[in-house]
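The chain contents come next:
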Amino acid sequence: ETNSVVGVARAYCSADTTQSLANRLAIIQSRLLDAGSAIATPPDESSTAKTARVHFGASHTEDLEHWIDEMDSTVPPLRNFILPSGG
């Protein structure tokens, strides 16, 4: 579900000004699939080759955190907590 929402966001990034964001969203989609593969491959029951293929390195998380910090610095600080229900 998360991957499809990210895909919809990518579809709205067709303008040249948002190409960088579209590229990042494509990477995020790929990493979501990687994370799912890692979760679905139990290390105790899988071969070394399989666990190596689905390894999810810390650098992926660090990249995402950097992108969040970068984008967060461009908007004013939140003054209120936003509830998912809109309330």
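Look above for the structure.
Summarised in this report is the structure supplied together with it. Throughout, a residue's number is its position along its own chain's written sequence, starting from 1. Per-residue local features are limited, in this predicted model, to residues with pLDDT of at least 70; the limit for side-chain atom pairs, both in listing and counting, is 80 or more; totals at the level of whole chains, interfaces and linings are taken over all residues. No hydrogens and no water enter the side-chain calculation; it runs on all heavy atoms of the structure.

### Some words on the overall build of the protein chain
Applied cut-off: A run of H or I in DSSP counts as a helix once it spans at least four residues, and a run of E counts as a strand once it spans at least two, with each numbered from the N terminus. Atoms counted for the radius of gyration: C-alpha only. Globule rule: 2.2 Å times the number of residues to the power 0.38. Using a 1.4 Å probe on the protein chains alone, a residue whose accessible area is under 20% of its type maximum counts as buried, one over 50% counts as exposed, and one in between counts as partly exposed. The contact criterion used throughout is that any non-hydrogen atoms of two residues lie within 4.5 Å. Computed by Shrake-Rupley with a 1.4 Å probe, the accessible areas treat only the displayed protein chains as cover when residues are assessed. When charges are counted, Lys and Arg are positive and Asp and Glu negative, with His and the chain ends excluded. Taken as the charge centre is NZ of Lys, CZ of Arg, CG of Asp or CD of Glu, depending on the residue.
For the protein chain, the helix and strand inventory stands at 4 helices and 0 strands. For the protein chain, the sequential pattern of α-helices and β-strands runs α-α-α-α. The C-alpha radius of gyration computed for the protein chain amounts to 17 Å, which surpasses the reference 12 Å derived for 87 residues by more than 25%, pointing to a less compact arrangement than a globule. Based on the C-alpha atoms only, the size of the protein chain along its principal axes is roughly 50 × 35 × 25 Å. The buried share of the protein chain, taken over its 87 residues, is 14%. Of the contacts formed within the protein chain by residues at least 6 apart in sequence, a portion of 38% connects residues at least 24 apart. Accessible area of the protein chain: about 7100 Å², with a carbon and sulfur share of 58%. Within the protein chain, one finds 6 positive and 11 negative side-chain charges whose respective centroids are separated by 5 Å.

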